[in-house]
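The chain contents come next:
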Amino acid sequence: MKLRTVTAAGIVGLLVLAGCSSTDDDAAAPAESSTSASAMATPSETAAAAGTIVDVASGNADFSTLVAAVGAAGLAETLAGEGPYTVFAPTNEAFEKLPAGLVDSLLEPENKDALTRILTYHVLAGKVTSDQVSAGDVETVEGSKVAISTDGGVKVGDAMVVTPDVAASNGVIHVIDTVLVPADLDLSGL
């Protein structure tokens, strides 16, 4: 799995869910009908309209590195699947905190296994929204556990959740400020 495949375009998808563009016809519509339509949409309908986790991330420029990585690791099809999944999605700025050259190295085909481990360490099986989070160790799809704390905000490993509960049709995304790496993964040779 490579990080290069996950680009800003993928991350932009996540942000697109937060807002919708309007057309001139929408602007001309009475406020009452817009409000009524929004009020009638259920959370499931809103998530379905947003698309899968991959769609949402791809629509958000802040996630371009993540989207590139997901692509390089060959995980796009999995994360676009039925799920549900909870994804702790690092921003481009989070990837920039890694040592110089590491992201490019992880995106190389020979480092796909390491990239896959890193990316799946950001994923939980099942949908966990911010109101369901509790402190403790949770098992990731990668197989290792990651510590979650709730003192002073939600923290996953060394990462802070900066934007919780980005809806997707197959789960939820929580935006984080730091890339998570399994404790037993040695990246020194990359």
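Residues numbered from 1 in each chain as written. Predicted model: local features only at pLDDT ≥ 70, side-chain atom pairs only at ≥ 80, totals over all residues. Heavy atoms only, no water.

### Notes on the pairing of strand β8 (residues 171-176)
The buried count for β8 comes to six of six residues, which makes it a mostly enclosed element. Side chains G171, I173 and V175 project from β8 onto one buried face, and the interleaved V172, H174 and I176 project onto a second face that is buried too. In the sheet, strand β2 (residues 85-90) pairs with β8 via six bridges, with the strands oriented parallel. Among the inter-strand pairings, F88 is bridged to a residue of β8, identified as H174. Pairing of strand β7 (residues 159-168) with β8 involves five bridges; the strand directions are antiparallel. Considered in β8, the bridge of V161 is made with I176. (Buried < 20%, exposed > 50% of the residue type's maximum accessible area, 1.4 Å probe, protein only. Helix = DSSP H or I, 4+ residues; strand = E, 2+ residues; numbered from the N terminus. Pairing = 2+ DSSP bridges.)

### Description of the environment of T78
Here T78 shows up in helix α7 (residues 76-79). Judged by relative accessible area, T78 falls into the partly exposed class, the value being 42%. A sequence separation of 24 residues divides T78 from V54, and the C-alpha atoms of the two residues are 9.2 Å apart.

### Notes on the nonpolar core
Grouped together as the largest cluster of nonpolar side chains are 36 residues, with contacts concentrated most on V87, L115 and L119. Contributing elements (two or more residues each) for this core: α5 (53-58), α6 (64-73), β2, α8 (92-96), α9 (102-106), α10 (112-120), β7 and β8. Sorting elements by how many residues they give to this core places α6 first, with six residues. Grouped together as the second largest cluster of nonpolar side chains are 10 residues, Y121, L124, V146 and I148 included. (Core = buried A, V, L, I, M, F, W, Y, C linked by side-chain atoms within 4.5 Å.)

### Describing the pattern of salt bridges
Applying the stated rule across the entire model yields two salt bridges. The closest approach of N and O atoms between R117 and E142, which form a salt bridge, is 2.7 Å. One end of the pair, R117, is in helix α10; the other, E142, is in the loop between β4 (136-139) and β5 (145-149), and 25 residues separate them in sequence. A relative accessible area of 24% places R117 in the partly exposed class. Residues joined in a network through salt bridges with shared partners are R117, E142 and D184. (Salt bridge = Lys/Arg side-chain N within 4 Å of Asp/Glu carboxyl O.)

### Some thoughts on α10
Within α10, burial applies to A114, L115, I118, L119 and T120. On its buried side, α10 packs onto α6, α9 and β3 (123-125). (Contact = heavy atoms within 4.5 Å.)

### Looking at the sheet that holds β7
Ordered by their spatial adjacency, seven strands build an open sheet running β3-β2-β8-β7-β6-β5-β4, and the pairing between neighbours is mixed. The open sheet has two edge strands with one neighbour each: β3 and β4. Judged from the four bridges that link them, β4 and β5 form a sheet pairing that is antiparallel. Residue pairing across strands places E139 opposite K145, the latter belonging to β5.

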